[in-house]
Amino acid sequence: MRFSSLGSGSRGNALIVESSQARILIDCGVALRPLREGLAQLDILPESIDAVFITHEHSDHIKGLKSLARQYAMPLYMTHGTAIKSGLDHLPQMNILSHFSPVVVGDLLIQPVTVPHDAREPCQFVISTQPASDQAAKKLGILTDLGSYTPHIIESYQDCDAIILECNYDESMLQNGPYPMSLKQRVKGDWGHLSNTQAAELLSKLQHQNIQWLVVAHISQKNNQAALACEAIKAIFPHHERMRVADQESGFDWLEIA
Ligand SMILES: [Zn+2]
Ligand SMILES: [Zn+2]
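Below or above, wherever it landed, is the structure these notes cover.

Quick notes on the rules
- Residues numbered from 1 in each chain as written.
- Chains lettered and ligands numbered in written order.
- Predicted model: local features only at pLDDT ≥ 70, side-chain atom pairs only at ≥ 80, totals over all residues.
- Heavy atoms only, no water.
- Salt bridge = Lys/Arg side-chain N within 4 Å of Asp/Glu carboxyl O.
- Helix = DSSP H or I, 4+ residues; strand = E, 2+ residues; numbered from the N terminus.
- Buried < 20%, exposed > 50% of the residue type's maximum accessible area, 1.4 Å probe, protein only.
- Pairing = 2+ DSSP bridges.
- Axes fitted to C-alpha atoms, helices over the stretch in contact; angles between N-to-C directions.
- Donors = N, O, S within 2.8 Å, 3.2 Å for Na, K, Ca; no water.
- Tetrahedral: all angles 85-135°; square planar, octahedral: opposite > 155°, others 65-115°.
- Parallel < 35°, antiparallel > 145°, perpendicular 65-115°, else oblique.
- Left-handed = near helix turned anticlockwise from the far one by under 90°.
- Contact = heavy atoms within 4.5 Å.
- Nonpolar A, V, L, I, M, F, W, Y, C, P; charged D, E, K, R; others polar.

1. Overview of the pattern of salt bridges
So, point 1. Evaluation of the coordinates by the stated rule reveals 4 salt bridges.
So, point 2. R11 is paired through a salt bridge with E249; the nearest N and O atoms lie 2.7 Å apart. Linking R11 in the loop between β1 (2–7) and β2 (14–18) with E249 in the loop between β13 (243–245) and β14 (252–256), this pair joins segments that are 238 residues apart in sequence.
So, point 3. By relative accessible area, R11 is classed as partly exposed at 45%.
So, point 4. Of the residues examined, E249 reaches a relative accessible area of 51% and is grouped as exposed.

The structure is reproduced here in structure tokens:
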């Protein structure tokens, strides 16, 4: 399994995950043209994507979805709340996700995980390969857009081979930053986003010794700096050679789980 991001942050998110038998898109928060350009750089034609999974209806996760769905007929998967709130529930290729049931696409098993975030029915995803009997399964955890973490989240993200983890803001940068008070409260609330400190704390509760790739993601451009996020994470996960930062504009290049 390998994965690559076309962008990560409050201005747009899109992630490609592929295995020998499947290629899926997680979120479509960039407009169709930059999405096509980003995919072209990865040598991917939009029509070769087997399915699109959406975490929630905030525009940084669905901006290009309507145009993509209009032009290509690939199946879409999202929760009922996300489908209704994004106004796409009428589409013929819509499939409603249950938080309790995984979906199989080729040899990938996609498990939605409920997260506390201020959207209608948000989820994040844990993706595993269903390998031939001579290989071990691989597990990728995607975890952004959550204001706090729950026992269910800690349980769901154990033993990941790779994890994409939100480090949205630095507490003092948010406190002293340009956001109005109401937005500051929203971001740091239990239904907002994870701070660097919270992300490190969550990571300390996960089995992280075997993580091959740890991607610091969904970094706020106003309330955080990549260096601060990495510093917080390195206190728990000191393997800088296995760490990457997801950039708002360029995401990150292919990372392969060995
Ligand atoms: Zn977001
Ligand atoms: Zn969001």
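Read on, since the account is not over.
2. Description of the sheet that holds β2
In sheet architecture, strand pairing relies on hydrogen bonds along the backbone and comes in two forms, parallel and antiparallel.
So, point 1. If you walk across this open sheet you meet the 7 strands as β6-β5-β4-β3-β2-β1-β14, and the pairing is mixed. Looking at which strands have only one partner, the edges of the open sheet turn out to be β6 (94–97) and β14. Here the average twist between neighbouring strands, direction ignored, is 20°.
So, point 2. Of the pairings in the sheet, the one linking strand β3 (residues 23–28) to strand β4 (residues 51–53) comprises 3 bridges and is parallel in character. Its bridge partner lying in β4, L25 is registered against V52.

3. Some remarks on the coordination of the zinc ion (ligand 1)
So, point 1. Bound to the zinc ion (ligand 1) are the protein donor atoms D60 (OD), H61 (NE2), D145 (OD) and H218 (NE2), situated 2.1 to 2.2 Å from the metal.
So, point 2. One can describe the site at the zinc ion (ligand 1) as irregular: its 4 donor atoms subtend angles covering 91 to 160° at the metal.
So, point 3. Every donor residue of the zinc ion (ligand 1) comes from the same chain, spaced as D-H-x83-D-x72-H.
So, point 4. A separation of 3.6 Å is found between the zinc ion (ligand 1) and the zinc ion (ligand 2), which share D145 as a coordinating residue. With a gap of 158 residues between them, D60 in helix α2 (residues 59–62) and H218 in the loop between β12 (213–217) and α9 (226–234) connect regions that are remote in the sequence.

4. Here we look at the packing of helix α8 (residues 196–204) against α9
So, point 1. Orientation of α8 relative to α9, taken along the N-to-C sense of each, is 25°, at an axis distance of 8 Å. On the basis of their axis angle, the class for α8 and α9 is roughly parallel. Between α8 and α9 lies a crossing whose hand is right-handed. Contacts from N196, A199, A200 and L203 of α8 reach α9 at L228, A229, A232 and I233.
So, point 2. Within the contact of α8 with α9, the residues separate by chemical class into 7 nonpolar, 1 polar and no charged.

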